[in-house]
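Examining the three-dimensional arrangement
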Amino acid sequence: MADAALRIQNLKKWYPDPDGGRFLAVDLPALEVASGESVVVRGESGSGKTTLLNLIAGILPADEGTVEIAGMAMTGLSEVKRDRLRAQHIGYLFQTFNLLPGLTAVENVQLGMAFRPRRDESPKTAAEAALQRVGLADRMRHRPAQLSVGQQQRVAIARALAGHPSLVLADEPTSNLDSKRADQCMALLTEFAAESNAALLVVTHDERLIERFERCETLRAPKHEEATA
Amino acid sequence: MSIFKLAWRSVKQRPLASILTMISVALGVALTIAIVSLRDSAHRSYHETSRGYDAILGPTHGSPLQIVLNTMFHVGDAGGTLPWATYERAKNDKRVKYAVPYAVGDYFRGKPVVGTSTAMFEALMDPENVPLGKNINGVVFRDGVHFEAVAGSIAAAETGLRRGVKFKVTHGPEGGWEHGEEWTVVGILRPTGTPADRAIFIPIETFYEVGDHKTAGDQRKKRREEREAEEEREREHGHEHGADTHTHEDDHGHEHGTKEELGLSAVGIRLKSPILRLAYVAEFKSDRATVQAVMPADQVRQLFEVVGSVDRFFELTAWLIVLVAGIGILVSLYNTIQGRRREIAILRAMGATPRHVFAVIVLESVILVVLGGLFGLVLGHAGLAMSAPYLVERFGVLVRSGFGTLDLQVMGALAVFGLVVGLLPAWRGLRTPVAENLHPTE
Ligand SMILES: Nc1ncnc2c1ncn2[C@@H]1O[C@H](COP(=O)(O)OP(=O)(O)OP(=O)(O)O)[C@@H](O)[C@H]1O
Ligand SMILES: [Mg+2]
C-alpha cells in the first residue's frame, strides 16, 4: 500500500522515570491508515495515546521505529523539517481545543495553514469555507471566549481540516462534551475528513466512540523498565 | 495569519504593558530628537548669522563673545561703548564694503530696539542670501534724523506693530521709563530665520535725538570733563594712570555732539574681500586700544567648542533613556514568555518552526520600539514647535523642527535596536518545549 497516509513500524518512545529507570510509554509494532479511512485507537488513561499522536505529528522525536506521513519519513528528520512536514500534511485536533484566545474564529482557522511551506489556496478563503462547513458562518469574527464549548470544538475541527491535510489526528475529541454533542462532533469530524479524503486517526478511552469506526486498534499497557546499572 | 499579524495581536493582547513600554521609548526618543534638533538648529543659526560680518568692532570692556552676541543676535547687553570716530574711520576705510553702526539699550514691549543704518539691510542676508532690505513689506527707514522704524517679523507679530503704527520705546528691557519720542513703522521684514526677526530697527541718528540719551550724554560729558581735570591734577603730581583709562583719545577734532558723547555699541564690518580679514583685525590688536575687532565666525566656533561637550552629554543622556526603555521592553517581553508557553506550543503544533516563533517575538519587540519611537518623534517635534517661539525669543535660535533625515536615521536605529532587544526573549521563546505545553497546566 504505497498511498498510505500514515504508516508506523516498531514505534517506541521511552520517558525517563524519577527513580532513574525508564518508562516505555509507546510501543506500537505496526499501524497503517489509508487516505479516506478512519481508525480509532483505544487505550486507558496513561496508556500513551497523546504521546503516540505527538510522535506521529513529529512534535516529539521517536526513540525507535519509523513513522511515514503520505510516504515521507517523519522519524529521523530534524526538528525544523518535522515542523514543515506537520504544517503541510497534518491536522491536529486537541482534547483541549487549543484555540488562541487573541484571535477570532476565522483567524484561528487560518493559523492552521499559516506555516505551510506550500499553499495552493488562500488561507482566508479556505478558513471561511471550513467554518461554513462546520456551521459557524455567523461566528467567524468571534473570539474563542465568545463561543460556546461546542462551537469552540467546531472551530478546532475546522482548523484541523481547512487545509485539506493528508492525515487528521484527534486526541479525545469528545471528552469535553456530553453524549449528544459528542455524537454530533464525531459525525462532523468523520464526514468532513471523508469529504476531503483525509485519513482520520482518533485516540480515546471512550467506549461509546468506538462503535462509530470500522477499525479499532488497542494500545499495549506501558511498561516500567528498571534502571540498568 | 502572517508573522507580523501574530506579533501585532500579541502586542494588543497586553495593552497596558505595551503602552507603558512604548511611552518609555517615546520619552527617550522625544528627548533625543529635541536635543539633537536644538543643537543642530543652534549650530546652523549661529554659524549662518556669524557669516554676516567679517569683523565686529566693539568696546575693549566687553568680551568678544558678548560683542558678537549683542550685535548679531540681539542678546545680552553691549558691554560698553565705542567712540563715534571709530565708525567714521571704518566707513572711510577703502577695504570696507559695509560699516554698520549699532546703538542699543532701548526696547519696545520687550523687543530690542536697535539704532543702525540702512547699510545693515544690505550687509545682512537671510539663509537664502537675500539681503534683508530686499525682504521687506514696505520700505527701509531713511538714514538721518527720520523717526522711522523697520520691525522684524517676530517682533512685529508679538508687539502688534504694523506699517504706519507709531510707538514709543522704553529704556531697558523691562520696567524701564518710556522715552518721549515717537517712531513710525515704515517696513516689516519678512520672516528670515535670522535674529533680525526679533528686533526693531531705527536710524541711529534718531537714537541720539532721544531726550534722555542727550541728557545722559551731557552728564557723561560733564563727568568726563571732571575726570580729565582730575587726571590733569594727578599728572601734575607725577602719577602714572592705569592702562584701563581709555575714553578720550579718539574724540579730538570732532564737534562734541550727542553721538560723539554717547558713542555706539559696535560697528559691524563687511570687507570687500574676506582675504583682508586677518590683516584688518590685526590692526586693532594694540594693548592700549579703545577698540577691539572680533571675528564672529571665530567666536561662534569657540562657543560651540565649549557648548558642544555639554550638549553631547545631554544627547548621551537622552540615548541612555532610550536604552533603559529598551531594557524595560526586554524584561517585560522576557517575562511574558513564561505565560505564553501554551500559545507558543500551539503555534509550534500548527507547524511553526522555532524560527517562526523567534521571528514573532523579535517582531513584537520591534513593533514596541518602533511605535514608541514614532510616538516619540511626534512628541519631540510637537515639543520643539511649541517651544520654538520661546527659543527664538530667548536665544535667537530659529528651530527648524520639520521631519527629515534625522528622523529616518533615528527610526532605522530604533528598528535595529528593537531587534536586538527582542533577541533574548525570542531565544527563550524558541526553546519552549511543545508537547508538555499543549494542555492547560497551571
Ligand atoms: N514528559 C513526560 N515525562 C515523563 N513521563 C511522561 C511525560 N509525558 C507523559 N508521561 C507519562 O507517559 C504516560 C503516557 O502519557 P500520555 O499523556 O501519552 O497518556 P494518555 O494515554 O494520553 O493519557 P490520558 O488518556 O489521560 O490523556 C503517562 O503515564 C505519563 O505519566
Ligand atoms: Mg492524553
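All values derive from a computational prediction rather than experimental measurement.

Taken together, the 25 residues of chain A in the interface contact 23 residues of chain B. Taken over both partners, the interface formed by chain A and chain B buries close to 2,200 Å², and the fraction arising from carbon and sulfur atoms is 64%. Where chain A touches chain B, the interface holds four salt bridges. Note that Asp83 of chain A and Arg348 of chain B form a salt bridge whose closest N and O atoms lie 2.9 Å from each other. Seen at the junction of chain A and chain B, the total is eight residue pairs in polar contact (both at pLDDT 80 or more). Of all the secondary structure elements, the ones that give two or more residues to the side of chain A that touches chain B are α2 (79-89) and α3 (105-111) of chain A.

Right, let's talk about the sheet that holds strand β10 (residues 223-225) of chain A for a bit. Strands belonging to one sheet form pairs held by backbone hydrogen bonds; the direction of such a pair is parallel or antiparallel. Residue and element names in this part refer to chain A. Reading across the sheet, the five strands line up as β5-β4-β1-β2-β10 and stay open at both edges, with antiparallel pairing between neighbours. What marks the edges here is a single partner per strand, and that holds for β5 (72-73) and β10. Pairing of strand β1 (residues 4-16) with strand β2 (residues 22-34), which is carried by 11 bridges, proceeds in the antiparallel orientation. Each residue of the ladder has a partner; that of Lys13, found in β2, is Val26. Packed on one face of the sheet, helix α1 (residues 49-57) meets β1, β2 and β4 (64-69) and runs near 120 degrees to β1.

Next up on the list: the nonpolar core. In terms of nonpolar packing, the biggest core is built from 70 residues, with Leu6, Ile56, Leu111 and Leu201 of chain A touching the most fellow members. Among the elements that take part in this core, helix α13 (residues 354-395) of chain B stands out by supplying seven residues, more than any other. For Leu201 of chain A, the residues in contact, after removing those within four places along its chain, are Leu6, Leu31, Val33, Val39, Val41, Leu53, Ile56, Val168, Leu169 and Ala170 of chain A. Within the second largest apolar cluster, 39 residues are counted, among which are Ala126, Ala158, Val168 and Leu200 of chain A.

In this section: the sheet that holds strand β9 (residues 215-218) of chain A. All names here are of chain A. The five strands lie next to each other as β6-β7-β8-β3-β9, forming an open sheet whose pairing is parallel. Each end of this open sheet is capped by a strand with a single partner; those strands are β6 (90-93) and β9. The mean angle between the axes of side-by-side strands here comes to 20 degrees, regardless of whether they run parallel or antiparallel. With four bridges connecting them, β6 and strand β7 (residues 167-171) associate as parallel partners. When the sheet's bridge partners are listed, Leu93 is paired in β7 with Ala170. Of the strands in this sheet, β6, β7 and β8 (199-204) are in contact with helix α6 (residues 179-195), which crosses β8 at around 155 degrees.

The subject of this paragraph is the domain arrangement of chain B. Splitting chain B by domain gives domain 1 (3-46 + 302-437) and domain 2 (55-294). Measuring from the centre of the C-alpha atoms in domain 1 of chain B to the corresponding centre in domain 2 of chain B gives 50 Å.

The relative placement of two aromatic rings is captured by the distance of their centres and the angle of their planes. All names here are of chain B. Applying the stated rule across the entire model yields 12 aromatic pairs over all chains. Ring geometry for Phe121 and Phe201: centres 5.8 Å apart, planes at 80 degrees, overall edge-to-face. Pair noted here: Phe121 is in helix α5 (residues 119-123) and Phe201 is in strand β9 (residues 200-203), with a separation of 80 residues, a long-range link. An aromatic cluster is present here, built from Trp84, Tyr87, Phe207 and Tyr208 joined pairwise through their rings. Just above the ring of Tyr334 sits the side chain of Arg428; from NZ or CZ to the centre is 4.5 Å. It is Arg431 that lies over the ring of Trp427; its NZ or CZ is 4.2 Å from the centre.

As a further point, take the site of ligand 1. Residues and elements named next belong to chain A. The full set of residues close to ligand 1 is Tyr15, Phe23, Ala25, Glu44, Ser45, Gly46, Ser47, Gly48, Lys49, Thr50, Thr51 and Glu172. In the environment of ligand 1, an oxygen atom lies 3.2 Å from a nitrogen or oxygen atom belonging to the backbone of Ser47. Here an oxygen atom of ligand 1 and a side-chain polar atom of Glu172 are 3.2 Å apart. Put simply, the parts of the chain that give the shell around ligand 1 at least two residues each are β2 and α1.

Let us look at the packing of helix α2 (residues 15-50) of chain B against helix α14 (residues 405-430) of chain B. All names here are of chain B. Here α2 crosses α14 at 145 degrees, and the two axes come no closer than 11 Å. The way α2 lies across α14 gives a crossing that is right-handed. Seen from α2, the contacting residues are Val29, Ile33, Val36 and Ser37; seen from α14, they are Leu406, Asp407, Val410 and Leu414. Of the residues in the contact of α2 with α14, the class split is six nonpolar, one polar and one charged.

Glancing now at the environment of Asn137 of chain B. All names here are of chain B. You can see Asn137 is positioned in strand β4 (residues 136-138). Judged by relative accessible area, which is 38%, Asn137 ranks as partly exposed. The contact partners of Asn137, leaving out residues within four places of it in the chain, are Arg163, Val186, Gly187, Ile188 and Arg190. Here Arg190 takes part through its side chain, which lies 3.4 Å from a polar atom of the side chain of Asn137.

A few words on the pairing of β4 of chain A. All names here are of chain A. Where β1 meets β4, five bridges bridge the pair, whose relative direction is antiparallel. Paired with Leu6 across the bridge in β4 is Ile69. Relative to β5, β4 is paired through two bridges, and the arrangement is antiparallel. If you follow Glu68 over to β5, its bridge partner there is Ala73.

We now examine unusual backbone geometry. Residues and elements named next belong to chain A. Even without being a glycine, Asn98 presents a positive backbone phi close to 55 degrees. Within the secondary structure, Asn98 is located in the loop between β6 and α3. The exposure class assigned to Asn98 is buried, which follows from its relative accessible area of 0%. For Asn197, which is not a glycine, the phi torsion comes out positive at approximately 55 degrees. Counting through the fold element by element, Asn197 comes out in the loop between α6 and β8.

To continue, consider the pattern of salt bridges. Applying the stated criterion across every chain, the model contains 32 salt bridges over all chains. Notably, a salt bridge pairs Glu107 of chain A with Arg9 of chain B, separated by 2.4 Å at the nearest N-O pair. Residue Glu107 of chain A is located in helix α3, and its partner Arg9 of chain B is located in helix α1 (residues 3-13); the two belong to separate chains. Per residue, the accessibility class of Glu107 of chain A equals that of Arg9 of chain B, and both read buried.

Conventions we followed
Residues numbered from 1 in each chain as written. Chains lettered and ligands numbered in written order. Predicted model: local features only at pLDDT ≥ 70, side-chain atom pairs only at ≥ 80, totals over all residues. Heavy atoms only, no water. Contact = heavy atoms within 4.5 Å. Buried area = accessible area lost by both parts, 1.4 Å probe. Salt bridge = Lys/Arg side-chain N within 4 Å of Asp/Glu carboxyl O. Polar contact = N/O pair within 3.5 Å; in protein donor to acceptor, adjacent residues only side chain to side chain. Helix = DSSP H or I, 4+ residues; strand = E, 2+ residues; numbered from the N terminus. Pairing = 2+ DSSP bridges. Axes fitted to C-alpha atoms, helices over the stretch in contact; angles between N-to-C directions. Core = buried A, V, L, I, M, F, W, Y, C linked by side-chain atoms within 4.5 Å. Buried < 20%, exposed > 50% of the residue type's maximum accessible area, 1.4 Å probe, protein only. Domains from an automatic or database assignment. Phe/Tyr/Trp six-rings, centres within 6.5 Å; stacked < 30°, edge-to-face > 60°. Lys NZ or Arg CZ within 6 Å of the ring centre and 35° of its normal. Near = heavy atom within 4 Å. Left-handed = near helix turned anticlockwise from the far one by under 90°. Nonpolar A, V, L, I, M, F, W, Y, C, P; charged D, E, K, R; others polar.

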